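If you want the building blocks of each chain, they are given just below.
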Amino acid sequence: MKKPNYVVLTKDAIQSWTKNANASAASIGIWSHSRRPSSYGETDFLHANYEFKTFKDTWKFLNKVADGANSLKHHPTITTTYNKVEFLLTTHDVGHRVTNMDIELAEAIRKEFHPFDKEVDKPAFEK
Ligand SMILES: C[C@H](O)[C@H](O)[C@H]1CNC2=NC(N)=NC(=O)C2=N1
């Protein structure tokens with residue numbers, strides 16, 4: 001399969017994206033950039049946690065994300081338990097760095113979350 005032209009992003013470029021993305025988020029769906037050792041060596045990734053009202057909503061969302069990832073040909077690492085979802089986004093093809101494709105996928109995830117955003121009870125001070 002043909003691979004996209006990946007652009008490995010600088011720390012500053014990633015930071016400016018997370019800052020902008022998080023400006024409109026409350027406590028759910030905050031994106032951050034981290035680096036940690038893994039079995040592949042150092043791994044750079046974008047990270048976020050999401051929360052839903054029900055298990056059913058969680059999987060409605062996850063199925064949309066799966067469709068989006070398939071279209072983009074870029075796939076997230078997902079950990080999910082009941083109403084919680086954790087994403088790790090990194091680009092394997094360039095040695096586990098954060099690229100333009102991770103940002104595109106993160107944007108697709110953020111978009112899919114919109115219909116669910118209002119449903120989750122937020123602490124009173126955030127309402
Ligand atoms: C050929 C195909 O597009 C590539 O193997 C894609 C598939 N999905 C991918 N997903 C992620 N997260 N990183 C990749 O490097 C990657 N590569």
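Predicted, not measured: the structure shown is a model, and the values here were computed from it. (Residues numbered from 1 in each chain as written. Predicted model: local features only at pLDDT ≥ 70, side-chain atom pairs only at ≥ 80, totals over all residues. Heavy atoms only, no water.)

Student: Sorry, what's going on with the overall build of the chain here?
Tutor: When its secondary structure is counted, the chain shows three helices and four strands. A compact globule built from 127 residues would reach a C-alpha radius of gyration of about 14 Å, and the chain, at 15 Å, matches this within 12%. With the principal axes as the frame, the chain shows a C-alpha extent of 40 × 30 × 25 Å. Counting every position in the chain, which comprises 127 residues, the buried fraction comes to 36%. The long-range fraction of contacts in the chain, counting pairs at least 24 apart against all pairs at least 6 apart in sequence, stands at 62%. Summed over its atoms, the accessible surface of the chain is roughly 7900 Å², and 53% of this surface lies on carbon and sulfur atoms. Computed over 18 positive and 16 negative side-chain charges, the separation of the two mean positions in the chain equals 2 Å. (Helix = DSSP H or I, 4+ residues; strand = E, 2+ residues; numbered from the N terminus. Rg over C-alpha atoms; globule rule 2.2 N^0.38 Å. Buried < 20%, exposed > 50% of the residue type's maximum accessible area, 1.4 Å probe, protein only. Contact = heavy atoms within 4.5 Å. Areas by Shrake-Rupley, 256 points an atom, 1.4 Å probe, with all protein chains shown as cover. Lys, Arg positive; Asp, Glu negative; His and termini not counted. Charge placed at Lys NZ, Arg CZ, Asp CG, Glu CD.)

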